[in-house]
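Residue-level listing of the chains:
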Amino acid sequence: ISTCCIQDSSTYYWFVRVLNVSTGLADPEPTHQTHLVVCYLISWFIAYLCILRGVRISATISYFTVTIPLIILPIIFIRVLFLDGALVGLITFITPNPSAVNKVSIPLMLLDLMSQILNTCGVAIGLLMTFKARSRD
């Protein structure tokens, strides 16, 4: 992949390692990503189980989907603390940088914040309408 449009290491990791973006149509490497397809199918299967049985089973699935990240995130955090440069990265993350916040970045940040909130509400409202349609009032 051409590195002309990649500005930082996280963008490079996303495009090169996760998405495995090819350099063009003549690229001989396969373009399918098995791990992404498996994650996609698992997420749709969990959503299907929530809708299939209604509110009773979605509570059980919610316990699973809430507790697993609460178990995995501390393990990942402890693992990251022992990497080289972890203390420098943690201090950079915690310390505010007032020069990075200017009049241009605040509206862009608020726009990203509002789009994330609307996206989350859109998913929740769709699921609530499905539950209401299946309820036996």
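Each chain carries its own residue numbering, running from 1 in the direction its sequence is written. Under the rules for a predicted model, residues below a pLDDT of 70 receive no local features and side-chain atom pairs below 80 are neither given nor counted, while totals for whole chains, interfaces and linings still include all residues. Processing note: side-chain calculations cover all non-hydrogen atoms of the structure and skip hydrogens and water entirely.

(A) View of the overall build of the chain. Per the convention used, a helix needs a DSSP run of H or I reaching at least four residues, while a strand needs a run of E reaching at least two, with both numbered from the N terminus. Helix and strand counts for the chain come out as five helices and zero strands. Along the chain direction, N to C, the helices and strands of the chain fall in the order α-α-α-α-α. Put simply, the chain has 137 residues, and 7% of those count as buried. Split by element, the accessible area of the chain, about 12,100 Å² in all, is 72% carbon and sulfur. Summary of the burial criterion: residues with accessible area below 20% of their type's maximum are buried, those above 50% are exposed, and those between are partly exposed, where the area comes from a 1.4 Å probe applied to protein chains only. All accessibility values rest on the Shrake-Rupley procedure with a 1.4 Å probe; residue burial counts only the protein chains present in the view.

(B) Geometry of a nonpolar patch on the surface. A contiguous nonpolar patch, built from Phe 64, Ile 68, Ile 71, Ile 72, Leu 73, Ile 75, Ile 76, Val 80 and Leu 83 and spanning about 810 Å² of accessible area, is present on the exposed surface. You can see Leu 73 is positioned in helix α3 (residues 55–81). According to the relative accessible area criterion, Leu 73 is exposed, its value standing at 54%. Residues form patches when they are more than 30% accessible in relative terms and have no salt bridge. Like charges link within 9 Å. Nonpolar side chains (Val, Leu, Ile, Met, Phe, Trp, Tyr) link within 5 Å. In the sections that follow, a salt bridge refers to a side-chain nitrogen of Lys or Arg positioned within 4 Å of a carboxyl oxygen of Asp or Glu.

(C) Up close: the confidence of the model for the chain. Confidence of the predictor at the level of single residues is captured by pLDDT, which takes values from 0 to 100. Of the residues in the chain, 80% have a pLDDT of 70 or more, and the chain-wide mean is 78. When mean pLDDT is taken per element in the chain, helix α4 (residues 86–94) scores highest with 86 and helix α5 (residues 105–134) scores lowest with 76.

(D) Examining the packing of aromatic side chains more closely. In this analysis, rings of Phe, Tyr and Trp, with Trp reduced to its six-membered ring, are considered paired at centre separations within 6.5 Å, and the interplanar angle assigns stacked below 30 degrees, edge-to-face beyond 60, and tilted for intermediate values. Applying the stated rule across the entire model yields one aromatic pair. With centroids separated by 6.4 Å and ring planes inclined at 70°, the aromatic side chains of Tyr 40 and Trp 44 adopt a geometry described as edge-to-face. Linking Tyr 40 with Trp 44, this pair stays in helix α2 (residues 34–53), spanning four residues, or about one helical turn. Like Tyr 40, the residue Trp 44 is exposed in the burial classification.

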